[in-house]
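# Survey of secondary and tertiary structure
This is what each chain is made of:
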Amino acid sequence: MMLKLVGAAMLVACGAMLGMGRLNEEREKIKLIDKIIRALGMLEGEIKLCRRALPDAFEKIARELDDNLIANLSQSCLSMSAGEAWKNWTENLPLPSSATQLLHSLGECLGQYDGEKQAMEIVAVRTRLVEMNEEMRSKIKASAKNYPLIGACFAGMAAMMII
């Protein structure tokens, strides 16, 4: 009987840890979107104010952010258009589908229009990403306690079936 209780307690603990893992995944998505928002702000400035070509802008932003987030974009622009490189890049990011679709829409504009039009599209995408991030933050804040509890409850139900 004691062994079953220990097993049940371990199941509950594992369920709670799974819930915490899910919560951490959501937090990582928020951090990634924050980085993308910052990179888009820099990209807007490079295009609008400096009139820098997209491959050069991507390279400069990668250096300034000191992050591998967009390091490959400038290399990809050597073999394909900036819009295609952008779309390929966004497909590999662990983002919610709505954020991925939003970033894909930006790829339609990059390299296709003048700097002013591209900058306007970047501002629109950044604004929407900020809104999405705030929604995700408030959702996590409201349900942060629930993620581990839900996992623990399901594991607890399974443990009761075993006992």
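The structure this text deals with has already been given above.
This text gives an overview of the structure that appears in the document. On a predicted model such as this, the values are computed, not experimentally measured, just so you know. (Residues numbered from 1 in each chain as written. Predicted model: local features only at pLDDT ≥ 70, side-chain atom pairs only at ≥ 80, totals over all residues. Heavy atoms only, no water.)

## Describing the side chain of Gln118
- In this fold, Gln118 is placed in helix H6 (residues 115–143).
- Contacts of Gln118, omitting those with residues within four sequence positions, involve Ile47, Leu54, Cys109, Leu110, Gly111 and Tyr113. (Helix = DSSP H or I, 4+ residues; strand = E, 2+ residues; numbered from the N terminus. Contact = heavy atoms within 4.5 Å.)

## Let's talk about the pattern of salt bridges
- Across all of its chains, the model carries 13 salt bridges by this definition.
- Measuring nitrogen to oxygen at the nearest pair gives 3.6 Å for the salt bridge that ties Arg137 to Glu134. Taken together, the positions of Arg137 and Glu134, both in helix H6 and 3 residues apart, correspond to about one turn of that helix.
- Residue class for Glu134 comes out partly exposed when judged on its relative accessible area of 45%. (Salt bridge = Lys/Arg side-chain N within 4 Å of Asp/Glu carboxyl O. Buried < 20%, exposed > 50% of the residue type's maximum accessible area, 1.4 Å probe, protein only.)

## Some thoughts on the packing of helix H5 (residues 97–109) against H6
- Contact geometry for H5 and H6: axes closest at 9 Å, N-to-C directions at 175°. Comparing the axis directions of H5 and H6 gives the class roughly antiparallel. Contacts from Ser98, Ala99, Leu102, Leu103, Ser105, Leu106 and Cys109 in H5 reach Lys117, Gln118, Glu121, Ile122, Val125, Arg128, Leu129 and Met132 in H6. (Axes fitted to C-alpha atoms, helices over the stretch in contact; angles between N-to-C directions. Parallel < 35°, antiparallel > 145°, perpendicular 65-115°, else oblique.)

## As for the nonpolar core
- Counting 38 residues, the largest nonpolar core has Ile36, Leu40, Leu43, Trp86, Leu103, Leu110 and Leu129 as its most contacted members.
- Every element with two or more residues in this core is listed here: helix H1 (2–48), helix H2 (54–65), helix H4 (82–91), H5 and H6.
- Ranked by residues supplied to this core, first place goes to H1 with 11 residues.
- Look past the residues within four positions of Leu43 in its chain and what remains in contact with it is Leu54, Ala57, Phe58, Ile61, Leu110 and Ile122. (Core = buried A, V, L, I, M, F, W, Y, C linked by side-chain atoms within 4.5 Å.)

## Describing the environment of Leu23
- On the secondary structure map, Leu23 appears in helix H1.
- By relative accessible area, Leu23 is classed as buried at 2%.
- For the pair formed by Leu23 and Ser143, sequence separation is 120 residues and the distance between their alpha carbons is 9.1 Å.

## Comments concerning the packing of H4 against H5
- Two elements in contact, H4 and H5, have axes whose closest approach is 8 Å; the angle formed by their N-to-C orientations is 170°. In terms of orientation, H4 and H5 fall into the roughly antiparallel class. Along its contact with H4, which presents Gly83, Trp86, Lys87, Thr90 and Glu91, the element H5 presents Thr100, Leu103, His104, Leu106, Gly107 and Glu108.

## Overview of the packing of aromatic side chains
- Per the stated rule, a full pass over the model turns up 2 aromatic pairs.
- Ring centres of Phe58 and Trp86 lie 6.1 Å apart, and the angle between their planes is 20°; this geometry places the pair in the stacked category. Highlighted residues: Phe58 in helix H2 and Trp86 in helix H4, separated in sequence by 28 residues. Like Phe58, the residue Trp86 is buried in the burial classification.
- Look at Trp86 and Trp89: their rings are 4.8 Å apart centre to centre, the planes differ by 45°, and that puts the pair in the tilted class. Pair noted here: Trp86 and Trp89 are both in helix H4, with a separation of 3 residues, about one helical turn.
- Trp89 gets classed as buried once you look at its relative accessible area, which sits at 11%. (Phe/Tyr/Trp six-rings, centres within 6.5 Å; stacked < 30°, edge-to-face > 60°.)

## Observations concerning H6
- Compared with an ideal rise of 1.5 Å per residue, which puts 29 residues at 42 Å, H6 spans 41 Å between its outermost C-alpha atoms and is within 8% of the ideal.
- Among the residues making up H6, those that are buried are Gly115, Gln118, Ala119, Ile122, Val125, Leu129, Met132, Asn133, Met136, Ile140 and Ser143. (Expected span 1.5 Å × (residues − 1).)

## Some thoughts on the environment of Asn24
- With respect to the helices and strands, Asn24 occurs in helix H1.
- For Asn24, a relative accessible area of 38% translates into the label partly exposed.
- The spacing of Asn24 and Ile140 is 116 residues in sequence and 10.0 Å in space, taken between C-alpha atoms.

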